[in-house]
Amino acid sequence: MPMNWHLVAIVSLKWLVCANGANNWAQLAGERAQNTATPYTPEQWQNNMWSGRWGHAIVVFNQSITRSYLTEEENSERAQGANPVVVLLGGDDSLPNVNAAMKSGLNTGKLRNDVWIGELASGSQASWQVDDRYFVDDKLFNPQLIRSQMTWREATPGRIAPATWLSGPRLSEPLSNDEWIACQESIMDKMDYTLLLLDPTFCDEPPQFCYEDMNIPGCHAQGIWKKDNMWSPRRGHGAVVANDKIVVIGGRAREYARLQNNMLVGGLGSQKRIETVREHSTIREEQVLKNDIWDSDDGVNWKLVNPGCRDPQEDVLLQTEVWSRNISDSQMTKLVGSAGSKCYKSSECYGVAECKVLGDNTREKVCVCPMFSPRENHAVAIQHRFAVQDDGSVISQDVIYVVGGFINVKQAFCANSSCGPSDGYKLAMDDAWMSSDGGVTWIQIKKAFGNNNNAFIGRGGHKAVVVEDRLMIFGGETFNPVARHTTYLNDVWQVPLPTEPCCEGCAAYDSCLPNYADWNMLTSNAEWRERSGHTVVYEPPSSNNAFRHRVYLMGGKNATDIFSDVWTWGLDPDDKWNNDVQLETSNSSEKQANVAFVSVTSPLSKLKRFYLPLVGTDGQLSNFTSHVSRSFVDLNDLDVMAAVGVKTVGDLVSADLYTILKLRGFDYPGRTVTAVPNLCLLREVAISLFKKCSVITEPTNLQVDDGWKIGKLQTESESKSTLCGVGEGTKPCERGDWDGCSPIPDVSIVDVFGLGDVDVPQLLHNVSSIIQETFCLQIPGSRYMGAAEFIDSKVVVMGGIGLGDMILHRDSWTRDEQNPKAVITTKPKSHSPQFQFFFDSNEAGAHVFEYKIMRDETDITPWLITTKQRGVDVAWLDNKKGGPGRGWYTLYVRSVDPAGNRDALFSTQANVYRWYYVPPIPYGVVSGCIVTALLLIVAIYFEHRRRKRRAIIRKFELRRQRRKFKLKSENNALFASTGHRGKAGPSSNSHQSSRRRYSNHDGSHSRSRHSRSHRSKSRSTGHHARTQSHVRRRKRRSAREEEDRLARRRERDKYLGEYYR
């Protein structure tokens, strides 16, 4: 029996999306999740690639961004010399949910600080390559035809501090991350050397032999480790490229730390707490929030730009860690900070923290961070500022912005200080900071804890981008540590930014700082649903997008869902956000081409039948024309199906037996139902779409039939149901055994339990032509906490968590909204036997083509596959080869790009050609006939010549005989005149014949000879004389005969020569 789609669809509905238009995504890397192209697959090609992860950061390095102060030639020269690469930084390759991690087997991951560099193409090549070696046949679309040229290489696997000291007097003692990086220049002059670094000279460049063996006397481990120092493994950090350097900012990190004695074994009652000796290893890995700043110019060697702080910023301390016996009494002492934050001088504070008095009526000092507090899931953005001087020189500056994020605060007080665990309570921040010197110094451009009702709400998991002179902030989530409630946001904020560079550090000039009052909320409820963990990418104006500003928002999550949608916006406050799957354009033809983006969650009204535009009788289709679409069902039928819960394509695929039969008009006795015409056709289309878009491991093509004409689809395995009975005494169908539409061999009526006899359809609908015109929309899939960037005019997204927190994505996708455009470069002349076509496309990766041939509005072929190099040979149209033969034909061709997009418009100016085909002359047969005719003519000629020669010879012989007869008659007449009588007729005796011939020449001599002979015979005594005379006569006779023979030959040759002349 047919497959139970009710069960299959439940598992796969989240992955199936089909469409009739552009805005698809092409998969650059990872396990193949679509049927169009082969991505960079590490396991298959034995290449390296980062592990599946979330909370990572990516930046684009070496990318040439168009500068408005440069000429077009200068920008073009910069672009040609650039080789942009994607740099992936750190992340977490373990699932956030422990139970989900145990179920999926991803419970061995950890925070990472590895660095990976990805290239979309090798050198000057395109991002995709068409490899004809994987061409199977014209009826089989092989995803390996189109292959991604993206590559990944590991710049560094990451480096962390050892757990213990490896040499020196502190051998085997616990080693903290702070001690490991103590020789970084940015921290050396900001700390107490007795705590982390015993002697600054330890950081001097050690001799080369120290790198080989640090146990050699005079070698100090901290000086050797300096070159290996880099940011600790982390997630939720930010990253930008500023001043041609990769900058990593904050995040949740994993570091080695020594357990405090007060956290170890304790006594009971009056017993004293047991403390461990310092030599005993009490090291453990802790997750801590960071606000340190690191930069690198290659992703391998890193420098600590700013060590950050461990303590909160001032406004956070004043808001969350203030203690007083009466907080409303201004005369009462107000103490700020925890016991561990108390200090006397700034060198006692970690990093750049300053020791200062914050409380009221007290001289007690606490460590205060002059930059943003340690945090995670904050938003970072980069602005390129410039100013053209009077002399034509340009001053440029990269400004880094940090907005919001989650910090940890203490909400309890012990005695006169705040207290609590180090990880504290999560608090969403609403502050903003900027740095114009690469992260060395920071200026707060928005205070935390705004109390205005329309104020910017503290948030994390949001995104921010700089668009020319504006800072844009999108969505996120906020968290209240008191109510412990998370609220997801879908608002959009805008902050105007100055465009001219600031001074170094930006502390003295307020004119280069954004105004506090200029934070404007563009919308509190955008078209996309509330979310956090999404990605946002800004696309600058270019020729690829008609010089428009655009922002893309992708993925994310809220309390119940993980999203896979993609939204675009033109930055105009009056513009609406467009769902990428439901994109409509102002151009009517393009709108028609993108009319039906169909997914399993799309309403059934989106299912349409598409027809190719037909060429006119004049052979022209001048205007570029899209498909003609017609709906499958009308509004009344949609209402009938909606009444039983079938509203989407997925609902129809997974509908059970009784729902299908009810829509066919069969229901329990006594109930009235309205049947939906062609329901089984509609369901077959839905199931075929499901099968077509399901990822397959082996190349196949369900939409192409064998031969040059379309046949009927083969039904699935046909065997009589053991549960469906026929007639009396048989067992009724049980639920789920039959889908209500599929034919059953040799069965016309089925007894369904509760419904009675139900007619069984006898024909499986052929939906191949419908499926051929409906394409699968390839999307990255639902995910959050991934990363996205704009590189080489492409939006690229990679990684993240998906499928209900059950999987970690290990892939890279790029968006492609452009339909490729095929063009026929070589075509046969009309009214000729030419048969070769060749095609080309405007996209380098769209050199795989589908073509169809029609005759008199009838399909001669389905859509078949070829490549640019192979072209199309239509010699099979010849009726001598089994084709349809002479006539008018129309060829349509469309290119297929790696995203699965096809040509949306057709025209005889590019991808349609109508011509009159004439079968070729069978030159082999003609040549054979000609050769045979020539041979026959030659044979006839020689036979004619032979016969003519024979006739001539006979004619000559006849003439000779006549001459002989004439001579004989003359001789007879002569003998008669002389009284002699010749013999009648020629003698048979040769001697007598010769004698007569001789006598004819000389009659007198003959007679005398005869007289002498007669006389000699009578002489008996003259025998010898007669013998001698006879010899002489024979000689004379022989000479005469030879002369006579030669005379006859000369006469014959003369006669023949005269004839042939």
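What counts and what doesn't
- Residues numbered from 1 in each chain as written.
- Predicted model: local features only at pLDDT ≥ 70, side-chain atom pairs only at ≥ 80, totals over all residues.
- Heavy atoms only, no water.
- Pairing = 2+ DSSP bridges.
- Helix = DSSP H or I, 4+ residues; strand = E, 2+ residues; numbered from the N terminus.
- Polar contact = N/O pair within 3.5 Å; in protein donor to acceptor, adjacent residues only side chain to side chain.
- Contact = heavy atoms within 4.5 Å.
- Buried < 20%, exposed > 50% of the residue type's maximum accessible area, 1.4 Å probe, protein only.
- Axes fitted to C-alpha atoms, helices over the stretch in contact; angles between N-to-C directions.
- Disulfide = S-S within 2.5 Å.
- Arc of directions from axis to C-beta.
- Parallel < 35°, antiparallel > 145°, perpendicular 65-115°, else oblique.
- Phe/Tyr/Trp six-rings, centres within 6.5 Å; stacked < 30°, edge-to-face > 60°.
- Core = buried A, V, L, I, M, F, W, Y, C linked by side-chain atoms within 4.5 Å.
- Salt bridge = Lys/Arg side-chain N within 4 Å of Asp/Glu carboxyl O.
- pLDDT = per-residue confidence, 0-100.

## Regarding the pairing of strand 36 (residues 756-759)
Successive side chains on a regular strand alternate, one facing one side of the sheet and the next facing the other.
Okay, so step 1: Sheet topology places strand 35 (residues 749-752) next to strand 36; four bridges connect them, and they run antiparallel. In the sheet register, V750 faces strand 36, and the bridge partner there is V758.
Okay, so step 2: Hairpin geometry of strand 35 and strand 36 is characterised by an intervening segment of three residues between the two adjacent antiparallel strands and by a positive phi of about 90 degrees at G754.

## Let's talk about the side chain of S341
Okay, so step 1: Here S341 is to be found in the loop between strand 15 (335-336) and strand 16 (342-343).
Okay, so step 2: A polar contact of 2.8 Å, which involves the side chain of S341, links it to the backbone oxygen of S338.
Okay, so step 3: Not counting residues up to four positions away in its chain, the partners in contact with S341 are D311, K365, V366 and C367.

## Section: the side chain of N819
Okay, so step 1: Structurally, the position occupied by N819 is in the loop between strand 40 (807-816) and strand 41 (822-826).
Okay, so step 2: Of the residues examined, N819 reaches a relative accessible area of 10% and is grouped as buried.
Okay, so step 3: Looking at N819, its side chain comes within polar contact range of the main-chain oxygen of R902, at 2.7 Å.

## Section: the sheet that holds strand 31 (residues 566-569)
Okay, so step 1: With antiparallel pairing, four strands are arranged side by side in an open sheet as 29-30-31-32. Both edges of this open sheet fall to strand 29 (535-539) and strand 32 (578-579), since each of them pairs with a single strand only.
Okay, so step 2: Direction of pairing for strand 29 relative to strand 30 (residues 550-554): antiparallel, over a ladder of five bridges. Paired with Y538 across the strands is V551, a residue of strand 30.

## Things to note about the sheet that holds strand 24 (residues 443-446)
Okay, so step 1: Taking strand neighbours across the sheet as the criterion, the four strands line up as 19-20-23-24 in an open arrangement whose pairing is antiparallel. Every interior strand has two partners, whereas the edge strands, strand 19 (379-388) and strand 24, have only one. The average undirected angle you get between the axes of adjacent strands in this sheet is 35 degrees.
Okay, so step 2: Direction of pairing for strand 20 (residues 394-409) relative to strand 23 (residues 425-435): antiparallel, over a ladder of nine bridges. In the sheet register, I407 faces strand 23, and the bridge partner there is L427.

## As for the state of the cysteines
Okay, so step 1: Following the criterion strictly, the structure yields eight disulfides and no others.
Okay, so step 2: Here C210 connects covalently by a disulfide to C219, the sulfurs 1.9 Å from one another. Handedness of the C210-C219 disulfide follows from its S-S torsion of about -75 degrees: it is left-handed. Here C210 matches C219 in class, with each residue buried.
Okay, so step 3: Covalently, C309 is tied to C369 through a disulfide, its sulfur atoms 2.2 Å apart. Looking along the S-S bond of the C309-C369 disulfide, the torsion reads about 70 degrees, which is the right-handed sense. Here C369 lies in the loop between strand 18 (365-368) and strand 19 and C309 lies in the loop between strand 13 (303-306) and helix 10 (314-320), a separation of 60 residues in the sequence.
Okay, so step 4: Residue C309 is classed as buried on the basis of its relative accessible area, which comes to 5%.
Okay, so step 5: Residue classification places C369 among the buried positions, given a relative accessible area of 3%.

## Let's talk about the environment of T41
Okay, so step 1: The residue T41 is located in the loop between strand 2 (24-29) and helix 2 (42-45) in this model.
Okay, so step 2: For the pair T41 and L28, spaced 13 residues apart in sequence, the C-alpha to C-alpha distance is 9.0 Å.
Okay, so step 3: In terms of polar contacts, T41 uses its side chain to reach the backbone carbonyl oxygen of G30, at 3.4 Å.
Okay, so step 4: Side-chain polar atoms of T41 contact the backbone oxygen of P39, separated by 3.1 Å.

## Looking at helix 12 (residues 635-643)
Okay, so step 1: The set of residues buried in helix 12 consists of D637, L638 and M641. End-on view of helix 12: buried residues confined to an arc of 100 degrees, all on one side of the axis. In helix 12, the exposed residues that point more than 90 degrees away from the buried face are L635, N636, D639 and A643.
Okay, so step 2: Looking at the packing, one finds that the buried side of helix 12 touches helix 14 (657-664) and helix 15 (679-693).

## Comments concerning the packing of helix 14 against helix 15
Okay, so step 1: At a minimum axis separation of 10 Å, helix 14 and helix 15 run at an interaxial angle of 140 degrees. In terms of orientation, helix 14 lies oblique with respect to helix 15. The residues of helix 15 that touch helix 14, namely those facing I660, L663 and R664, are L679, C680 and R683.

## Some thoughts on the pairing of strand 11 (residues 245-258)
Okay, so step 1: Burial analysis of strand 11 places 11 of its 14 residues in the buried class, which makes it a mostly covered element.
Okay, so step 2: Relative to strand 11, strand 9 (residues 234-235) runs antiparallel, the two sharing two bridges. By the bridge assignment for strand 11, R235 is matched with R252.
Okay, so step 3: Pairing geometry for strand 10 (residues 238-242) and strand 11, over five bridges, is antiparallel. Looking across to strand 11, one finds that G238 is bridged to I249.
Okay, so step 4: Hairpin connection between strand 10 and strand 11: a loop of two residues separates the two successive antiparallel strands, and N243 in this loop has a positive phi of roughly 55 degrees.
Okay, so step 5: The pairing of strand 11 with strand 12 (residues 283-296) spans 12 bridges and is antiparallel. Paired with R252 across the strands is L289, a residue of strand 12.

## Looking at helix 14
Okay, so step 1: Most of helix 14 sits out of view: seven of its eight residues are buried.
Okay, so step 2: Among all positions in helix 14, only L657, Y658, T659, I660, L661, L663 and R664 are buried.
Okay, so step 3: Those residues of helix 14 that are buried are in contact with helix 12, helix 13 (649-653), helix 15, strand 35 and strand 36.
Okay, so step 4: Just downstream of helix 14, G665 is the residue with a positive phi angle, here 110 degrees.

## Regarding the packing of aromatic side chains
Okay, so step 1: One pass over the structure, following the stated rule, counts 21 aromatic pairs.
Okay, so step 2: Residues W165 and W225 carry aromatic rings whose centres are separated by 5.6 Å and whose planes lie at 40 degrees to one another, so their mutual orientation is tilted. You can see W165 sitting in the loop between strand 8 (151-156) and helix 5 (177-180) and its partner W225 sitting in helix 9 (residues 221-225), a full 60 residues away along the chain. For the pair W165 and W225, one class covers both residues: buried.
Okay, so step 3: With a centroid separation of 5.8 Å and an interplanar angle of 80 degrees, the aromatic rings of W528 and W577 are classed as edge-to-face. Note that W528 is positioned in the loop between strand 28 (520-523) and strand 29 and W577 in the loop between strand 31 and strand 32, a separation of 49 residues in sequence.

## Observations regarding the nonpolar core
Okay, so step 1: Ranked by size, the top nonpolar core spans 37 residues in total, and within it V87, L89, V115, W225, W231, I246 and W302 carry the most contacts.
Okay, so step 2: Of all the secondary-structure elements, those providing two or more residues to this core are strand 3 (57-61), strand 4 (85-92), strand 5 (111-119), helix 6 (185-188), helix 9 and strand 11.
Okay, so step 3: Residues within four places of W225 in sequence aside, it is in contact with P162, W165, L175, W180 and M214.
Okay, so step 4: In terms of nonpolar packing, the next biggest core, distinct from the first, is built from 28 residues, V86, L145, V796 and I865 among them.

## As for the pattern of salt bridges
Okay, so step 1: Applying the stated criterion to the full structure yields 35 salt bridges.
Okay, so step 2: One salt bridge in this structure joins D138 and K139, with 3.4 Å as the shortest N-O distance.
Okay, so step 3: K139 gets classed as partly exposed once you look at its relative accessible area, which sits at 24%.
Okay, so step 4: Across the pair R683 and D739 runs a salt bridge, and its minimum N-O distance is 3.3 Å.

## A look at the confidence of the model for the chain
Okay, so step 1: In the predicted model, the chain carries a mean pLDDT of 80, and the fraction of residues at 70 or more is 79%.
Okay, so step 2: Across the chain, element-level confidence peaks in strand 9 with a mean pLDDT of 96 and bottoms out in helix 1 (residues 5-12) with 38.
Okay, so step 3: Overall, residues 981-1007 carries pLDDT values under 50, and its contacts beyond four positions in sequence, including any with other chains, amount to 26 contacts.

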